[in-house]
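# Fold and contact review
Spelled out from the first residue to the last, the chains are:
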Protein chains: 4
Amino acid sequence: MALLVEKTTSGREYKVKDMSQADFGRLEIELAEVEMPGLMSCRTEFGPSQPFKGAKITGSLHMTIQTAVLIETLTALGAEVRWCSCNIFSTQDHAASAIARDSAAVFAWKGETLQEYWWCTERALDWGPDGGPDLIVDDGGDATLLIHEGVKAEEIYEKNGTLPDPSSTDNAEFQIVLTIIKDGLKTDPKRYHKMKQRLVGVSEETTTGVKRLYQMQANGTLLFPAINVNDSVTKSKFDNLYGCRHSLPDGLMRATDVMIAGKVAVVAGYGDVGKGCAAAMKQAGARVIVTEIDPICALQALMEGLQVLPLEDVVSEADIFVTTTGNKDIIMVDHMRKMKNNAIVCNIGHFDNEIDMLGLETFPGVKRITIKPQTDSFVMSCSFTNQVIAQLELWNERTSGKYEKKVYVLPKHLDEKVAALHLAKLGAKLTKLSKDQADYISVPIEGPYKPAHYRY
Amino acid sequence: MALLVEKTTSGREYKVKDMSQADFGRLEIELAEVEMPGLMSCRTEFGPSQPFKGAKITGSLHMTIQTAVLIETLTALGAEVRWCSCNIFSTQDHAASAIARDSAAVFAWKGETLQEYWWCTERALDWGPDGGPDLIVDDGGDATLLIHEGVKAEEIYEKNGTLPDPSSTDNAEFQIVLTIIKDGLKTDPKRYHKMKQRLVGVSEETTTGVKRLYQMQANGTLLFPAINVNDSVTKSKFDNLYGCRHSLPDGLMRATDVMIAGKVAVVAGYGDVGKGCAAAMKQAGARVIVTEIDPICALQALMEGLQVLPLEDVVSEADIFVTTTGNKDIIMVDHMRKMKNNAIVCNIGHFDNEIDMLGLETFPGVKRITIKPQTDSFVMSCSFTNQVIAQLELWNERTSGKYEKKVYVLPKHLDEKVAALHLAKLGAKLTKLSKDQADYISVPIEGPYKPAHYRY
Amino acid sequence: MALLVEKTTSGREYKVKDMSQADFGRLEIELAEVEMPGLMSCRTEFGPSQPFKGAKITGSLHMTIQTAVLIETLTALGAEVRWCSCNIFSTQDHAASAIARDSAAVFAWKGETLQEYWWCTERALDWGPDGGPDLIVDDGGDATLLIHEGVKAEEIYEKNGTLPDPSSTDNAEFQIVLTIIKDGLKTDPKRYHKMKQRLVGVSEETTTGVKRLYQMQANGTLLFPAINVNDSVTKSKFDNLYGCRHSLPDGLMRATDVMIAGKVAVVAGYGDVGKGCAAAMKQAGARVIVTEIDPICALQALMEGLQVLPLEDVVSEADIFVTTTGNKDIIMVDHMRKMKNNAIVCNIGHFDNEIDMLGLETFPGVKRITIKPQTDSFVMSCSFTNQVIAQLELWNERTSGKYEKKVYVLPKHLDEKVAALHLAKLGAKLTKLSKDQADYISVPIEGPYKPAHYRY
Amino acid sequence: MALLVEKTTSGREYKVKDMSQADFGRLEIELAEVEMPGLMSCRTEFGPSQPFKGAKITGSLHMTIQTAVLIETLTALGAEVRWCSCNIFSTQDHAASAIARDSAAVFAWKGETLQEYWWCTERALDWGPDGGPDLIVDDGGDATLLIHEGVKAEEIYEKNGTLPDPSSTDNAEFQIVLTIIKDGLKTDPKRYHKMKQRLVGVSEETTTGVKRLYQMQANGTLLFPAINVNDSVTKSKFDNLYGCRHSLPDGLMRATDVMIAGKVAVVAGYGDVGKGCAAAMKQAGARVIVTEIDPICALQALMEGLQVLPLEDVVSEADIFVTTTGNKDIIMVDHMRKMKNNAIVCNIGHFDNEIDMLGLETFPGVKRITIKPQTDSFVMSCSFTNQVIAQLELWNERTSGKYEKKVYVLPKHLDEKVAALHLAKLGAKLTKLSKDQADYISVPIEGPYKPAHYRY
């Protein structure tokens, strides 16, 4: 492989597209900081005590301007950081170069091949012969996967000298993973064991990664503690409900320049994402129809004055279709054939298989419209502050035994902390409980204020 | 005590205010049925199979027109029913008389004394010498309390012949409870044991009652299974969020006839009740300011464009104050002294001690305004359908051992069932999962569709 | 006729239902004053200079608590006042008695016969032998009508001695009017001429009255200047748009106690009243469908996400029907036969012939539901402040010749004045134009700020 | 001047940037057609009768994709068309080339010099020796200005042989205008007189152009009839209220990528533009504060729950500032010095002097943010359909004498026609008046339905 690690004058390793974009990246990072008050409040509140002193953190998460603010929050709290992206397309090169120049080892560029992608991941995990990182920030679970597969391969190798066999799988990407582990094994047959040994834990950002973690917990194969950041209130409600309420009209207007008022919009699914999308469409003057499988969510839609009908009943009448289900095969090419000329079909759910992309691409003459990724700094501020707080919690409790090899959601008082770190910037002042009041409702004065099953 | 049970010509026992109001009650019951589609769908779906055949049900729950529809749903499914109110003021006498005449044994009237109240409760539990009811529908937990206290007293009496001593407590109401148990003990020293023996379980309607149940579970003193209906999504979100969104402006306008548009409204607390109240005030054209102790809820308020400030900062500027906290001492008389002339102060939270009623009553010249109780049939339809479904579940599983002496929330598939029972009436049609889609998101085709921690 | 005028100890004439309700009336007047900041600001601003000194004002306008605040604003500015109601049912007796006792001559009670109604009107116009009032506040135009008919009859009588012949008309009410004029003629054949002579002008409150005035202007028969208060922005937008947005849900909930959320509401007409009603229903969680004849208003409805369909297309699907058209025959009994059980039909338009009341009353078994009249003080504050300002304008210009025998809308600077009189109470602070800015947009610094055709 | 007119193979004159962009322009025109149902309905309804047969139309209006749809609607109705842009920056070159190739003579490109701009205008007016166009579509009034100045100069020249003197003015642009007229005079001293002679009238698009027309009417110098399209309801409400409600968040998000929810937005001015902006900001989750000089608009803001305060009171607290006043000097550099770091300041009003651009540019370190122009096809559809209908009216009445040398707003029935032409595409169905109903409210069955002073 022709990939070579480069070094800054100060000796920091990196591999990015174009170091000359660092100044532009720095400018945008400074603008983003104002929109990420949670992270900036972390720097103010925790920076002086350097709680991450001595901690090595590896991150595998879209290398964007917003992530740059996250990385520099981690370093401002005392951590050393190595970073790669969790997606071959999502790196913003000016962000990567600014971080590489100023703050952390970065291995990421827009448009990596799959081989380059895993090379970057492996570089980000490589902290030298003493083992890997103390902590991982993961998004989708690829860094976590590599260590788990590495440990598994080393165990087999130790037992019977068998090396991983990339040709044993049809999955092209997994062949690459096995090749990397195989190459590593030849150099150091205990490499991933040393990583596992050192690792305090991982904080995971997304549904997909969290799903993998729960599966490993269920199988008893999880090697270190994990905090599920995805299901914090300040992550899930804010990314999903408020984030999509903001991003859907933004994306629609950028992609299509149509007037939303007066149109009929179908929102498939009325979970948090669907609620945000339906609210946005309604407020912009569209008439909104919801499709749902879940009667509770359907009843909620009705209480907001929205019609609930199956897609089949409205497919030829609507102008805009938005899928938010997290399921597949929601809008099929046969639906699209019945749509009006110039109907807009977009997916803001998890994967693009909510829409029958295959059928669409093989069907001549139907237009494909891509909605921009959701990258609003403020929403990311909640999500990333969760990451910092989760990393801090793992690090602070590294010797206490509080966290076993299980998946944890962020404790409610830390979820509340993430919210609290945002309030001053938004001009809010909280009311304080008196001792007497706190006793009356049986909560500590300083929180947490709600039972675990509270729905917000 | 001069209270005498009366009997209908068919032999049904009752004690109500005025049997001549039965026709008027029947008329209003018929109107309410249209607004309670969940209960009516229960009759349609479950009536033919008579699932409550052989079940004796005692209810302690406000004896209103809406409750009448609940009672007659229980009887339509095959149950025998005895009923009392759970509040000395809340009975609607025309509802009570219609039920007494047509459907069930009722002991309830508007304006009971505390002594009469407990007499009614005891009557409702008395199904003759073979023990009490099979099932209890409770609201606030007074029927459950009486049985628990009765059993406790019987055990002491059996052990050492000691009768309960009403003078052992300062609490006037508890003195009455002890007196009733004492009188009962003389007649049948195993009465409450027989009740406990027979009882399949209780379904509890409110926060207060649920709290008591969890305390008994924690102390190991709970005598039979309990279903916490209060925390079903179809109860909590609908009663709190949608119910209060509907009831607050209704109550405000009936009580005061003021224009809400253009006014400044302070909503204390931004939980589900507060969210509903704030939405209602905002939509009516008020400018809304929220007070909160919880940073997560505060951040949610900000995301809706609402200002978050402590009461002290806005007390002299606002026109309308609504307390929704479930806590005490929210608006004190000293706050009220700083308010504008004609400021409106109202409580839609749990108890009226959110407002400093004592300070207010002893402070000359300040006006007291009472908001009408929340009695909208449709909201009650969700809540009461939960009761029916919970009772059915307890009864169906009475021999399976599924429910131990613990407190359970309604299983999610039953919560979804409650929602589903309402959809047809509202013209909604659900989308159906394919087998393939259901597998993809790992849920059964017929639900439940969401994990336990899902927040709706 | 057995009707006798009574007198207070101070000699003021009156005829009301029950003088003992005066204290209760006074209490409610005091509460209403806080909600009518426009009128109270008039008292503060104009009271000291007593601009109505010497002016005799007759009012024919619903004798309610809100009107009481209007009357006492007129007297606070120096006027002498005589008052009757403009509707046989609308008088609030406690309001009438408080005014009769404290402030003005009142001839009004709830439930007058038509004969009593016109007797009251004639009493209110009778200021003794020197002629009638200087100014009239009219609502529907009955006081204005009586004078015009009186003058016409006197002219004929003078010409040829012919008295009016009540039997010449089939209209029962007009027979009464003619009888009153005939009786008057015998006493004083110049009575209405003297009234006309003295009259400075009338300010008219409603559409119906305004229509009559424009017809008289077109026919050349208008006897004195008239100000059309009905079409002031601060009257029309506030009564119609904001007033109905407030009153519709209030009335619906008081009359029916139904939950609006989840229902389908049809709003017939999308003028200001319809816009207010549709907004209220949408905000309460209903799905709203609009019917319209006017394509501009239809397009406006679409821009707000509302469906526009003819009544026929939705009559069997909707739960709530609201007529706002000002036209007749909107919802016929044949429509009602196709509606769902328990459908709610209400009219918030001008006359009840928007709904086929005749067909309904003769059709057995269909339910009739009456919505409470719209009496919110704040909305009335705008409307009545218009009346005071119009009366002041007429009185101030009584000798200038500014107003001829024509119908005028209130000049825009006075319309703006009405708004300005409300702002302080609502905590608003206006921005001030600089001289330079005022010149740039070619308006006077102190307003008016908008061209005549501006639509707000 | 090196500018040379080019010709298509069919002989059509043009001067555009790059003819090779015509295919791309055509593609975008086809997409825009779907979003401009008013224009497309015009083609369907009026195309067959070719009402513009024989009419030569000159347009001076931003040469964009939307304008291309307007031009091709005019040609589809039988007109011959020549076109220039009314702004040196606004031409979309692919639109210009598609039109030049396929439909009309175009003289326009992005980035004209002022000299090139007026050359294009003069080319668009030049229909050869027989005089100019029959009709003008104007936006800002430059085509109208050139003819008026030309006629004035020709009169002076005829009187005393004096040619216009460009050095007589300091205004650089007016020097160019005078030079063009002077050059023309030498060739044909009756050129603009012939144009004036032939001209049936102009329909004018904007406030600025309309202002000039009313001034000329007041001075008695207007040379031909003019229709003020700017103040049609379907133009003013739709461009301003709905258009800005749509465009403001769109522009904000494109320019800044900030989350609007949770922010404080100040909207300066609460006319139609301000109402649209405030609604958009409120719906996106911002807290909105309005500044106003007009008490009526201020009261309207309060009725929507918005705070009304002077800029000075909120300048240091808000995050987003939007000027909508149409006045100058609204936000000065001294205001901006007091703003928060990263505050966003934008102008959606008429000229950029609402914001102190001069002060800003000379003040070091303050950031300047430009909001994208408002170009949504649907809004333009209303506006441009007004143009077509106005042009048709002028042409149809060219010999009837209906229109004198005055400024007219579009008759209400034509305003309604514009709305009607949009309804089918949006799925709306109008209700039809019966003869009886139409008589009852005194309007023709087919409209117009509202009096002139109706405010919508």
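All of these numbers come straight from a predicted model, not from anything done at the bench.

To continue, consider the overall build of chain A. Helix and strand content of chain A: 18 helices and 14 strands. Against the 2.2 N^0.38 benchmark of 23 Å for 456 residues, chain A shows a C-alpha radius of gyration of 23 Å, consistent with a compact globule. In terms of overall dimensions, chain A has C-alpha extents of about 65 × 65 × 45 Å along its principal axes. Here the contacts in chain A between residues at least 6 apart in sequence split such that 73% fall between residues at least 24 apart. Total accessible area computed for chain A in this model is approximately 17200 Å², and 52% of it derives from carbon and sulfur atoms. For chain A, the centre of its 50 positive side-chain charges and the centre of its 60 negative side-chain charges are spaced 2 Å apart.

Overlaying chain B with chain A gives an RMSD of 0.0 Å, the required rotation being 180 degrees about an axis along which the chain moves by 0.0 Å. Both chain copies can therefore be described as sitting about a two-fold axis. Looking at the rotation axis and the C-alpha trace of chain B, the residue lying nearest is R455 of chain B, at 2.1 Å. Looking at the interface residues of chain B, 100% of them are also at the interface in chain A, so both copies use one shared face.

A few words now on the pairing of strand β7 (residues 201-204) of chain B. All names here are of chain B. Of the two faces of β7, both are covered, the one formed by G201 and S203 as well as the one formed by V202 and E204. The pairing of β7 with strand β8 (residues 226-228) spans 3 bridges and is classified as parallel. Bridge pairing in β8 places V202 opposite A226. Once the chain exits β7 it traverses helix α9 (residues 207-219) before rejoining the sheet at β8, and the crossover so formed is right-handed.

Here we take up the relation of the copies chain B and chain C. For the pair chain B and chain C, the superposition axis carries a translation of 0.1 Å, the fit reaches an RMSD of 0.1 Å, and the rotation angle comes to 180 degrees. Interface overlap between copies: 100% of the residues of chain B at the interface are likewise at the interface in chain C, consistent with a symmetric, same-surface contact.

Of the residues lining the interface, 63 residues belong to chain B; the matching set on chain A comes to 63 residues. Carbon and sulfur atoms make up 59% of the area that chain B and chain A hide from each other, which totals about 5900 Å². Remark: the boundary between chain B and chain A carries 8 salt bridges. Ionic pairing is found between K429 of chain B and D313 of chain A, a salt bridge with its closest N-O pair at 2.5 Å. Where chain B touches chain A, the interface holds 30 residue pairs in polar contact (both at pLDDT 80 or more). A per-element tally of the side of chain B that touches chain A places helix α12 (residues 295-303) of chain B first, with 8 residues. In terms of residue class, the side of chain B that touches chain A is built from 30 nonpolar, 14 polar and 19 charged.

Moving on: helix α16 (residues 377-396) of chain D. When the terminal C-alpha atoms of α16 of chain D are compared, their 27 Å separation across 20 residues agrees well with the 28 Å that a helix rising 1.5 Å per residue should span. Where burial is concerned, most of α16 of chain D is hidden: 19 out of the 20 residues are buried.

Here we take up the packing of aromatic side chains. Considering all chains together, one arrives at 20 aromatic pairs over all chains under this definition. Ring geometry for Y454 of chain B versus Y456 of chain B: centroids 4.7 Å apart, planes at 85 degrees, classification edge-to-face. By relative accessible area, which is 16% here, Y454 of chain B ends up buried. Aromatic pair Y403 of chain C and Y408 of chain C: ring centres 4.7 Å apart, planes at 85 degrees, arrangement edge-to-face. Of the two residues, Y403 of chain C and Y408 of chain C, both sit in the buried class.

Let us look at the environment of E13 of chain B. Residues and elements named next belong to chain B. Within the secondary structure layout, E13 lies in strand β2 (residues 13-15). Sequence separation between E13 and R82 is 69 residues; the distance between their C-alpha atoms is 8.8 Å. In contact with E13, other than residues within four places in its own chain, are V5, E6, K7, R82, A105, V106 and F107. Reaching out from E13, the side chain makes a polar contact with the side chain of R82 at a distance of 2.7 Å.

Further remarks concern the sheet that holds strand β13 (residues 344-347) of chain B. Residue and element names in this part refer to chain B. If you walk across this open sheet you meet the 5 strands as β11-β10-β9-β12-β13, and the pairing is parallel. Each having just a single partner strand, β11 (307-308) and β13 make up the two edges of the open sheet. Note that strand β12 (residues 320-323) and β13 share 4 bridges and pair parallel. Note on β13: the bridge partner recorded for F321 is V345. Lying over the sheet, helix α11 (residues 272-283) contacts β9 (264-268), β10 (287-291) and β12, oriented at roughly 175 degrees with respect to β9.

With that settled, the discussion passes to the pattern of salt bridges. Residues and elements named next belong to chain D. In this structure the tally under the stated criterion is 128 salt bridges over all chains. Among the ionic pairs, E45 bridges to K417, the shortest N-O distance being 2.6 Å. Of this pair, E45 sits in helix α2 (residues 37-46) while K417 sits in helix α17 (residues 412-423), and the two are 372 residues apart along the sequence. On the accessibility criterion, E45 (41% relative accessible area) is partly exposed. Classification of K417 by relative accessible area gives partly exposed; the value is 25%. For D183, the salt bridge goes to K186, with nearest N and O atoms at 3.8 Å. Of the two residues, D183 and K186 both sit in helix α7 (residues 172-187), 3 residues apart, roughly one turn of that helix. Judged by its relative accessible area of 55%, K186 is exposed.

Here we take up the confidence of the model for chain A. Residues and elements named next belong to chain A. Looking at chain A, the pLDDT average stands at 92 and 97% of residues meet or exceed 70. Considering only residues more than four positions removed or in separate chains, one finds that residues 371-375, a stretch of pLDDT under 50, has 14 contacts. Both confidence scores are given for the complex: pTM 0.91, ipTM 0.91.

What follows concerns the interface of chain B and chain C. The accessible area lost on association of the parts is a frequent measure of interface size. Counting residues at the interface gives 30 residues for chain B and 30 residues for chain C. Both faces considered, chain B and chain C share a buried interface measuring about 2700 Å² in area, 54% of it formed by carbon and sulfur atoms. With a shortest N-O distance of 2.8 Å, K263 of chain B and E35 of chain C are connected by a salt bridge. Connecting chain B to chain C are 7 residue pairs in polar contact (both at pLDDT 80 or more).

This part covers the sheet that holds strand β1 (residues 6-7) of chain C. Residues and elements named next belong to chain C. One open sheet accounts for 9 strands, arranged β1-β2-β5-β4-β3-β6-β7-β8-β14; its pairing is mixed. A single partner strand is all that each edge strand has here, and the edge strands are β1 and β14 (407-409). Bridge count between strand β3 (residues 56-60) and strand β6 (residues 135-138): 4 bridges; the pairing is parallel. Its bridge partner being in β6, G59 is matched across the sheet by V137. Sitting on the sheet, helix α3 (residues 65-76) touches β3, β4 (80-84) and β6, and the angle it makes with β4 is about 160 degrees.

The next point concerns the packing of helix α1 (residues 22-35) of chain D against helix α4 (residues 93-102) of chain D. Residues and elements named next belong to chain D. The contact between α1 and α4 brings their axes to 7 Å, and the two run at 95 degrees. When the interaxial angle is binned, α1 and α4 end up roughly perpendicular. For the pair α1 and α4, contact is made by A22, D23, F24, G25, R26, E28 and I29 and by H94, A95, S97, A98, I99, R101 and D102, respectively. Of the residues that constitute the contact of α1 with α4, the class distribution is 6 nonpolar, 3 polar and 5 charged.

Procedures and definitions
Residues numbered from 1 in each chain as written. Chains lettered and ligands numbered in written order. Predicted model: local features only at pLDDT ≥ 70, side-chain atom pairs only at ≥ 80, totals over all residues. Heavy atoms only, no water. Helix = DSSP H or I, 4+ residues; strand = E, 2+ residues; numbered from the N terminus. Rg over C-alpha atoms; globule rule 2.2 N^0.38 Å. Contact = heavy atoms within 4.5 Å. Areas by Shrake-Rupley, 256 points an atom, 1.4 Å probe, with all protein chains shown as cover. Lys, Arg positive; Asp, Glu negative; His and termini not counted. Charge placed at Lys NZ, Arg CZ, Asp CG, Glu CD. Least-squares fit on C-alpha atoms with pLDDT ≥ 70 in both. Buried < 20%, exposed > 50% of the residue type's maximum accessible area, 1.4 Å probe, protein only. Pairing = 2+ DSSP bridges. Right-handed = clockwise from strand over helix to strand, strands pointing away. Buried area = accessible area lost by both parts, 1.4 Å probe. Salt bridge = Lys/Arg side-chain N within 4 Å of Asp/Glu carboxyl O. Polar contact = N/O pair within 3.5 Å; in protein donor to acceptor, adjacent residues only side chain to side chain. Nonpolar A, V, L, I, M, F, W, Y, C, P; charged D, E, K, R; others polar. Expected span 1.5 Å × (residues − 1). Phe/Tyr/Trp six-rings, centres within 6.5 Å; stacked < 30°, edge-to-face > 60°. Axes fitted to C-alpha atoms, helices over the stretch in contact; angles between N-to-C directions. pLDDT = per-residue confidence, 0-100. Parallel < 35°, antiparallel > 145°, perpendicular 65-115°, else oblique.

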